[in-house]
Each structure stands twice: as C-alpha cells, then as structure tokens.
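The chain contents come next:
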Amino acid sequence: MDQTDQEIEQIARAFYVARHEDGVWETASRLLQHEFRLYARQALSMLQKKQEQIWSEAPRMASVDILEAA
C-alpha cells in the first residue's frame, strides 16, 4: 500500500467513525468501506484542486501587493 492508499484508508476510517460513532471499521461491510474510500478520494481531490488554485493565484496576488505598496 503506497502513501496515497494509506492516506485514503485513514481518511475513510475517520469519516466512517465520524458518521458511525459506535461502528468499527474492520467490521463494516466491504460495500460501506468502499463508499467511505470514495468520500476520502473526493476529499483529497478537492484539497489538491484548492491547493493548485492557491498556488496559481499566488504570483498574481504578489504583483498586486507590490503595485499597491508603490
């Protein structure tokens, strides 16, 4: 299992516990585990897109700050 798979698994477990407070991940059905892994992948994808957006806007924001300072 590579790091991304481990991250997905950890996030999926966290989502599962948050939703099913008395549930145990290991006893959840394979279908339910799959569903929560999909949620985890979607969450990571959304975070990555947001990070890419921030990095792509950073040079523009820096030039605006420089112009305003002048």
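Here is a short report on the structure shown in this document. What you see as residue numbers is a count from 1 along each chain, following the sequence as written. Owing to the predicted nature of the model, reporting of local features is limited to residues with pLDDT of at least 70; listing and counting of side-chain atom pairs is limited to 80 or more, with chain, interface and lining totals taken over all residues. Side-chain measures here rest on the full set of heavy atoms in the structure, leaving out hydrogens and waters.

Quick word on the overall build of the protein
Working step 1: Secondary structure counts use DSSP, requiring at least four H or I residues in a row for a helix and at least two E residues in a row for a strand, with both numbered from the N terminus. Summing up its helical and strand segments, the protein has two helices and zero strands in all.
Working step 2: To sort residues, take the accessible area from a 1.4 Å probe on protein chains only and compare it with the maximum for the residue type: under 20% means buried, over 50% means exposed, and anything in between is partly exposed. The burial tally for the protein puts 13% of its 70 residues in the buried class.
Working step 3: Any two residues whose heavy atoms approach within 4.5 Å at even a single point are treated as in contact. Here the contacts in the protein between residues at least 6 apart in sequence split such that 44% fall between residues at least 24 apart.
Working step 4: Accessible area of the protein: about 5900 Å², with a carbon and sulfur share of 57%. All accessible areas in this document rest on Shrake-Rupley with a 1.4 Å probe, and a residue is counted as covered only by the protein chains that are shown.

Some details on the packing of aromatic side chains
Working step 1: Aromatic pairs are defined between Phe, Tyr and Trp rings, using the six-membered ring for Trp, whenever the two ring centres lie within 6.5 Å; interplanar angles under 30 degrees are classed as stacked, those over 60 as edge-to-face, and all others as tilted. Throughout the structure, instances matching the rule amount to three aromatic pairs.
Working step 2: Summarising the aromatic geometry, the rings of tyrosine 16 and phenylalanine 36 are spaced 5.5 Å apart at their centres and angled 85° between planes, so their arrangement reads as edge-to-face. On the criterion of sequence distance, the pair formed by tyrosine 16 in helix H1 (residues 3-19) and phenylalanine 36 in helix H2 (residues 30-69) is long-range, its members being 20 residues apart.
Working step 3: The buried category is assigned to phenylalanine 36, whose relative accessible area is 6%.

Some words on the nonpolar core
Working step 1: The biggest cluster of nonpolar side chains holds seven residues, and these are Ile8, Ala12, Tyr16, Trp25, Ala28, Phe36 and Ala40.
Working step 2: Within the residue set of this core, elements represented by two or more residues are H1 and H2.
Working step 3: In terms of residue count, the dominant contributor to this core is H1 (three residues). Put simply, a nonpolar core is a bunch of buried Ala, Val, Leu, Ile, Met, Phe, Trp, Tyr and Cys residues held in one set by side-chain atoms that sit within 4.5 Å of each other.

Looking at the pattern of salt bridges
Between side chains of opposite charge, a pair can form as their charged atoms come close.
Working step 1: Salt bridge, as used here: a side-chain nitrogen of Lys or Arg that lies within 4 Å of a carboxyl oxygen of Asp or Glu. Enumeration over the complete set of coordinates arrives at three salt bridges.
Working step 2: Notably, a salt bridge pairs glutamate 9 with arginine 13, separated by 3.9 Å at the nearest N-O pair. Linking glutamate 9 with arginine 13, this pair stays in helix H1, spanning four residues, or about one helical turn.
Working step 3: Looking at glutamate 9, the relative accessible area reads 15%, which means it is buried.
Working step 4: Taking the shortest distance from any N to any O, the salt bridge between arginine 37 and glutamate 9 comes out at 2.7 Å. Taken together, the residues arginine 37 in helix H2 and glutamate 9 in helix H1 connect sequence positions 28 residues apart.
Working step 5: Each of the salt bridges in this network shares a partner with another, and the network as a whole consists of Glu9, Arg13, Glu26 and Arg37.

Notes on H1
Working step 1: Between the first and last residue of a helix there are one fewer steps than residues, each counted as 1.5 Å, and that sum is the expected span. Under the 1.5 Å per step criterion, the end-to-end length of H1 is 24 Å for 17 residues, consistent within 8% with the ideal 24 Å.
Working step 2: Within the span of H1, buried status applies to Ile8, Glu9, Ala12 and Tyr16. For H1, the arc enclosing every buried residue in end-on projection is 100°, short of the 170-degree limit, so these residues lie on one face. Projecting away from the buried face of H1 at angles above 90 degrees are the exposed residues Gln3, Gln10 and Ala18. The arc in question is the one traced by the directions running from the helix axis out to the C-beta atoms.

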